[in-house]
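The lines below spell out each chain.
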Amino acid sequence: MIERLISLSLRNRGLVLLIATGLFVWGVFSVRASKIDAIPDLSENQVIVFTEWAGRGPQIIEDQVTYPLVTNLQGLAQVRAVRAASMFGMSFVYVIFEDDTDVYWARERVLERLNYAQRLLPAGLTPTLGPDGTGVGHVLWYVLKAPKLDLGEQRALQDWYVKFGLQTVPGVSEVASFGGFQPEYQVTVDPTKLTYYNVSLPEVLAAVRSNNNEAGGRKFEQAGVGYIIKTSGYIQDVATLENVPVRTRANGVPLRLADLGTVQMTGESRLGIFDHNGQGEAVGGIVVMRYGENADEVITRVKAKMKEVAKGLPAGVSFDIVYDRSGLIEESVTNIQHTLLEEMAVVSVVVLVFLFHWRSALSILLQIPITIATSFILLNAFDISSNIMSLTGIALAIGVIVDNGIVMAENAYRNLALYQAAEESGTLPSGPQTPTT
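Residues numbered from 1 in each chain as written. Predicted model: local features only at pLDDT ≥ 70, side-chain atom pairs only at ≥ 80, totals over all residues. Heavy atoms only, no water.

Student: In this structure, what is going on with the sheet that holds strand S1 (residues 46-52)? I would like to understand it.
Tutor: Across a sheet, strands are paired by hydrogen bonds formed along the backbone, either parallel or antiparallel in direction. Ordered in space as S2-S3-S1-S4, the four strands form an open sheet in which the pairing is antiparallel. Looking at which strands have only one partner, the edges of the open sheet turn out to be strand S2 (79-87) and strand S4 (128-129). Pairing between S1 and S4: two bridges, direction antiparallel. Counted as the bridge partner of Phe50 is Thr128 from S4. Against the sheet, helix H4 (residues 103-117) makes contact with S1, strand S3 (90-97) and S4, and its axis sits at roughly 35° relative to S1, the strand it touches most. (Pairing = 2+ DSSP bridges. Helix = DSSP H or I, 4+ residues; strand = E, 2+ residues; numbered from the N terminus. Contact = heavy atoms within 4.5 Å. Axes fitted to C-alpha atoms, helices over the stretch in contact; angles between N-to-C directions.)

Student: Looking at this model, I keep getting lost on the packing of aromatic side chains. Mind explaining?
Tutor: For any two aromatic rings, the description comes down to two numbers: the centre-to-centre distance and the angle of the planes. Considering all chains together, one arrives at seven aromatic pairs under this definition. Aromatic pair Trp160 and Phe164: ring centres 6.1 Å apart, planes at 75°, arrangement edge-to-face. Taken together, the residues span about one helical turn, with Trp160 and Phe164 both in helix H5 (residues 151-166) at a distance of four residues. For Phe164, a relative accessible area of 43% translates into the label partly exposed. With centroids separated by 4.9 Å and ring planes inclined at 85°, the aromatic side chains of Tyr196 and Tyr197 adopt a geometry described as edge-to-face. Exposure remark for Tyr197: the relative accessible area of 24% places this residue in the partly exposed category. (Phe/Tyr/Trp six-rings, centres within 6.5 Å; stacked < 30°, edge-to-face > 60°. Buried < 20%, exposed > 50% of the residue type's maximum accessible area, 1.4 Å probe, protein only.)

Student: Got a minute to help me understand the domain arrangement of the protein in this structure?
Tutor: Interfaces are often sized by the amount of accessible area the parts lose when they come together. By domain assignment, the protein separates into domain 1 (42-130), domain 2 (184-267) and domain 3 (329-424). Summarising the inter-unit geometry, the C-alpha centres of domain 1 and domain 2 are found 37 Å apart. (Domains from an automatic or database assignment.)

Student: For this particular structure, what's the right way to read the side chain of Ser91?
Tutor: Note on placement: Ser91 falls in strand S3. A polar contact of 2.7 Å, which involves the side chain of Ser91, links it to the side chain of Thr66. (Polar contact = N/O pair within 3.5 Å; in protein donor to acceptor, adjacent residues only side chain to side chain.)

Here's what the structure looks like:
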């Protein structure tokens, strides 16, 4: 089979050159279109289900949230395993699918099952899906440099302006905020006053809930003009919340929320802080790349978007990038490129020294760029990114690439030498003979 293939190639040299040129051109375009990353994505094909139930302990979370979700998610198609973790106030369920399962198909199946499983959970709990990213999707971290703003103002700026701007970048799955204080209205009731006025805590909660909404009226026309009636009761400041009536006493005087406790604007309770280089607390975000995206291109687009977002920041506020994978990507790719060039040069010298014939050496050396370019066609076909592992494999294979060419060239020289020696000595058999390789 191999002899027939070699013979066919020798008889159709033009066709072989045309195929080699086509593969090389195709490979060059594949190199440009190849996904570039520093490390290979070996994470599992998983969908994360997150449920928050504030104030509950891990055992309650495990019994009433995690267990019902795990038992109902185990029967999904193409599911390999279901893992879970319960902690204070939070439940995480990891649904591991087969490697060849489309991630968005898997997310749809999980959502379908959650529609049923939610009925088994306590009232008011809504499980949510995690971002469509992988375990190595954290491509960029940043903090806000805002010396004139407190941590609460920085977190509000991050959550309500910066985050929304960066999430519109193509390829970004999520921008997760961290650090600072999330502002909230906090009502601290006095148990003694509740007992004195004979008011229960559910009454206080119902009063706050009913006075923090908007009620719609009807439409009426007057003098040919239509008017829409509505009442706006959203809480705008602390004073409005203090004046919320909880109950009307016998003398007609309302019992206000301020009469039962204190109302203040404060930050949400935190389980930890974020410190930046030992210089104090900081506020920032984590850019999570979408599944299957090109990390280098996503980081470039995020940095360009940061420049646009920075124009709307308050005076004195700027971005400080604390982790940027693009530097590692560029250094890794550059290092492998230099290694490839060095190996090609060394192999060229070795081939020239051993064969001492530049035409034979050229035919062997042409295999290197063609083979490398063709390998990127296969990388793209199997959706493998150009990373340290894949590029190192190509570098290690350069010696193997030229081995067959050297062996074939030396075999041809040996057979030609034997043919010429036999021809000179007159021992060549009669009839037309051609040296075999």
